[in-house]
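Below are the chains, spelled out letter by letter.
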Amino acid sequence: MSVADWKPAKLDELGFVGRGKSRHRPRNAAFLYGGRYPFFQTGDIKAANFYLTDYSQTYSDDGLAQSKLWKPGTLCITIAANIAESAILGVEGCFPDSVVGFVADPDKADVRFIKYYMETLKLRMQNVSHGATQDNLSVDKLLSFDFLVPPLPIQKRIAGILSAYDEIIENSQRRIKILETMARALYREWFVHFRFPGHENHPRVASPLGEIPQGWEMKTVADAFVISGGGTPSRKEDEFWTNGTIQWYSPSDLTRAGTMFIDDSSDHITERGLAQSSARMFPARCVMLTSRATIGAIAINTYPACTNQGFITCLPNEQVPLYYLFHWLTENVQTFQRMASGATFKEISRGVFKTIDFLQPPDELVGRFETLAAPMAEQVLALQRQIQNLRRTRDLLLPRLLSGQIDVETLA
């Protein structure tokens, strides 16, 4: 079948289109929330992968009464704040009027195909949604876009090819969550709750932190491991940035990735930029902690790198090895946030960070933890890289499949 046989259609010609509902004012009335009905907001949709199952709020029976419960398989499209993000409901749920629901007509459209087609239209939809105070994609604008759709069997074939990648990606992400949860639970069990192997017969002694196992040493961060700061080469000097090969991280790199490991930064600087700024190079496999504005994003760099001034980078050593250090930082984010100060934005300075109490367990116990945590972390890294490769391949295929450049009828 030729792509000439594909027909343009508006979204409401391919199924039902309607806005979510959240009629009660004020919207934050407490009695609306805390029930058993998932309430998905635009941020949940943006954070979702392909299917939408994770949510941060639920509606009560009263909340549901002023809203609407949508069925699994509904395509959720954001039209305010986060524009043209989309995900398919994996469970029944409600959403507000900043989200449009699309229910595919089973004789005309495959919702997965429409979801993928939305990705090709996303930038155009965002460009027509700019507003003076807030970006907004009206339903009328949404319905003005053409979806070039092939016959339903071809839609299903294309969606099947692309969704196979997304299913592997989601499965890998679930495995990463399990591995990270296992490692964190082990850290908490041994080093927060002091239920390490042999703890039953291990005496405890008084300390400024309360009772701690005998033989564990009270230190400060300054006594436990080395930290490094960052800096920004002048943006006015092209020679500091153009063709740079040195990874240079900003906090958005970590918040955008949201992963334990990070392979590359968005920006790179030159040797000259490094030499003529306060940026400092540190080796691969240190732990970067954002220390300004967004405090507590944490990631391990896999290549030598430097950062801007919004970081405290922690260098592991024999007594405080990499994964023990990573989990200690993760476990103490609230402490860092509590100790931060600043009028314009909160920041925990390196001077304050160095004074934080650090409980040093015996080397043998830390070593046993590292032996157990390292294989889990390395598997996380392997899965992260597998996901990156799958996404690249899928993103290459997507426009070619959705434009008919690849004829799926000829594929085995």
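Residues numbered from 1 in each chain as written. Predicted model: local features only at pLDDT ≥ 70, side-chain atom pairs only at ≥ 80, totals over all residues. Heavy atoms only, no water.

Okay, the pairing of strand β17 (residues 287-292) next. Counting buried residues in β17 gives five out of six residues, a clear majority hidden from the surface. Here β17 runs beside strand β18 (residues 294-301); their pairing, made up of five bridges, is antiparallel. Across the sheet, L289 pairs through a bridge with I298, a residue of β18. Between β17 and β18, which pair antiparallel one after the other, the connecting turn spans one residue, and A293 there sits at a positive phi close to 65 degrees. Two strands pair when backbone bridges link them, and β17 and strand β20 (residues 311-315) are joined in this way by four bridges, in the antiparallel orientation. Bridge pairing in β20 places T290 opposite F311. (Buried < 20%, exposed > 50% of the residue type's maximum accessible area, 1.4 Å probe, protein only. Helix = DSSP H or I, 4+ residues; strand = E, 2+ residues; numbered from the N terminus. Pairing = 2+ DSSP bridges.)

What follows concerns the packing of aromatic side chains. In the structure shown here, the tally under the stated rule is 28 aromatic pairs. Judged by centre distance (6.1 Å) and plane angle (55 degrees), the rings of Y33 and F39 are tilted. Above the ring of W241, the side-chain terminus of R235 is found at 3.8 Å from the ring centroid. (Phe/Tyr/Trp six-rings, centres within 6.5 Å; stacked < 30°, edge-to-face > 60°. Lys NZ or Arg CZ within 6 Å of the ring centre and 35° of its normal.)

Another point: the sheet that holds β18. Within a sheet, neighbouring strands are paired by backbone hydrogen bonds and run either parallel or antiparallel to one another. Spatially, the five strands line up as an open sheet ordered β13-β20-β17-β18-β15, and their pairing is mixed. On the outer flanks of this sheet lie β13 (226-228) and β15 (261-262), each paired with one strand and no other. Its contacts with the sheet place helix α9 (residues 322-331) against β15, β17, β18 and β20, and it is angled at close to 165 degrees to β18. (Contact = heavy atoms within 4.5 Å. Axes fitted to C-alpha atoms, helices over the stretch in contact; angles between N-to-C directions.)

Once that is clear, we can look at the nonpolar core. Ranked by internal contacts, the top residues of the largest apolar core, which has 52 residues, are F225, W328, L329, F336 and F353. In terms of residue count, the dominant contributor to this core is helix α12 (residues 363-402) (eleven residues). When residues no more than four places from it in sequence are discounted, the contact partners of W328 are Y187, V221, F225, F336, F353, I356, D357 and F358. (Core = buried A, V, L, I, M, F, W, Y, C linked by side-chain atoms within 4.5 Å.)

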